[in-house]
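Take a look at the letters that make up each chain.
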Amino acid sequence: MGLDFVGQGAGQTDGNIITTTIDKVVNWGRKNSLWPMPFGTACCAIEMMATLASKFDLSRFGSEAIRFSPRQSDLLIVSGRISIKMMPVLKRIYDQMPDPKWVISMGACASCGGVFDTYTLIQGVDQFIPVDVYIPGCPPRPEDLIDAVLQVQQKITSGASPKGVEVIYE
Amino acid sequence: MNEEKEVEEQSKPLVLEKLETHHSDALLAQDEARGTIVVVVRKDQAYAVLEYLKTDPELAYTYLVDVTAVDNSQMESELMQFDYARFMVVYQLYSYQGQGRVRVKVPVHENDLSITSVTGLWQGANWLERETYDMFGINFDGHPDLRRILMPDDFEGHPLRKDYPLRGRGERERFNFDKQNV
Ligand code: SF4
């Protein structure tokens, strides 16, 4: 029974009893069923859709249960330009997600404003919400988004808190 | 082919003919830009001209494609031509009666930014005029609901004016969640 994925603390007795820690089991569950909340506002969202569709198939990594309600999700994917009018909406959606929650900032625009260095565009959503993983590119390829999801999974396995935790319990 | 073209060029478009007969005093200039007829019309008569273009049975420009504006403050040649009117409000019309497209331009001076709303003629002008108000600060008299449409309600200034800095006046830095009603 190859149950060593539960973590280093796992052990086996007589092939029937597994010892581990609650944290590790919970994190193992979390990591393999991240429910993304898509926040697609521009061209990057098209790549996000491709990632979720059959060709790239994010469900291979357990993250296909896209929720359009923030209250049911734990992974926020910001993919696209965020204007000063949209930022309060994004912040509110982030606040509505239950803890623990992770944020992926997808593409140049979400991460730093991209080529749109203009009066109306937020120059990086991390000024207002905590971001766990940034994806470079304009737009990033679906593989990059998959890689970001895997990085979030690694972060969960390692037991590290989401970036947002420091802010929430301030 | 060439002959045909010449014939076309010789015959004056119906819309220009009709405008010259019925609204000659309103016409400031006429031109053609990439196959579209352009007429420049005095502001005080703009509504009458647009109404005429829409309701005349032969012209029937029933479709208002777009309303927008141009800030000519850095275009000396344009400024001189129309008595230093800073803005040009532009109406793009289309006729399904075979008259094609026509562009109506109205010079608007900076010291009097009001112009009659055409929402009474085309309901679709509602949002288009709101956008023009938002971006250029043109006031459309008689508009039922002249609010900003693209920028946040508490935004100050009109960003498509040429004197508005590209990177803004610190909106991105002064950004405040408390002011917004989300
Ligand atoms: S990073 Fe590029 S592809 Fe993504 S939203 Fe910005 S402009 Fe579009």
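Residues numbered from 1 in each chain as written. Chains lettered and ligands numbered in written order. Predicted model: local features only at pLDDT ≥ 70, side-chain atom pairs only at ≥ 80, totals over all residues. Heavy atoms only, no water.

Student: Could you clarify how one ought to interpret the overall build of chain A in this entry?
Tutor: When helices and strands are tallied, chain A shows six helices and six strands. Across chain A, helices and strands are ordered from the amino to the carboxyl terminus as β-β-α-β-α-β-α-β-α-β-α-α. Looking at chain A as a whole, 44% of its 170 residues are labelled buried. Expressed as a percentage of contacts within chain A between residues at least 6 apart in sequence, the contacts between residues at least 24 apart total 73%. (Helix = DSSP H or I, 4+ residues; strand = E, 2+ residues; numbered from the N terminus. Buried < 20%, exposed > 50% of the residue type's maximum accessible area, 1.4 Å probe, protein only. Contact = heavy atoms within 4.5 Å.)

Student: Where do I start with the confidence of the model for chain B in this structure?
Tutor: Any segment with low pLDDT has predicted coordinates that should not be analysed in fine detail. Here chain B shows a mean pLDDT of 87. Residues at 70 or above account for 90%. Model confidence for the complex is summarised by a pTM of 0.81, with the ipTM given as 0.75. (pLDDT = per-residue confidence, 0-100.)

Student: What is the right way to look at the sheet that holds strand 3 (residues 63–71) of chain B in this model?
Tutor: Remark on secondary structure: sheet strands pair via backbone hydrogen bonds, oriented parallel or antiparallel. All names here are of chain B. What the five strands build is an open sheet, ordered 1-2-5-4-3; its pairing is mixed. The sheet is open, and its two edges are formed by strand 1 (27–33) and strand 3, each paired on a single side. Pairwise comparison of adjacent strand axes, ignoring direction, gives a mean angle of 20° for this sheet. As judged from the four bridges shared by strand 2 (residues 36–41) and strand 5 (residues 100–108), these two strands associate in the parallel manner. Across the sheet, residue Val 38 finds its bridge partner in strand 5, namely Arg 103. Its contacts with the sheet put helix 3 (residues 43–55) on strand 2, strand 4 (87–95) and strand 5, and the angle it makes with strand 5 is roughly 165°. (Pairing = 2+ DSSP bridges. Axes fitted to C-alpha atoms, helices over the stretch in contact; angles between N-to-C directions.)

Student: What is the right way to look at the packing of aromatic side chains in this model?
Tutor: Aromatic ring pairs: the centre-centre distance and the angle between the two ring planes describe each pair. The full count for this structure, using the stated rule, is seven aromatic pairs over all chains. Judged by centre distance (6.4 Å) and plane angle (80°), the ring pair of Phe 87 of chain B and Phe 136 of chain B falls under edge-to-face. A residue pair is termed long-range when its members are at least 10 positions apart, and Phe 87 of chain B in strand 4 and Phe 136 of chain B in helix 5 (residues 125–136) qualify at 49 residues. Overall, Phe 87 of chain B belongs to the buried group, its relative accessible area being 0%. Seen from their ring centres, Tyr 94 of chain B and Tyr 96 of chain B are 5.2 Å apart, and the 80° between their planes marks the pair as edge-to-face. Judged by relative accessible area, Tyr 94 of chain B falls into the partly exposed class, the value being 25%. What links up through ring pairs into an aromatic cluster is the set Tyr 119 of chain A together with Phe 155 and Tyr 164 of chain B. Taking the ring centre of Tyr 94 of chain A as reference, the NZ or CZ of Lys 101 of chain A above it sits at 4.2 Å. (Phe/Tyr/Trp six-rings, centres within 6.5 Å; stacked < 30°, edge-to-face > 60°. Lys NZ or Arg CZ within 6 Å of the ring centre and 35° of its normal.)

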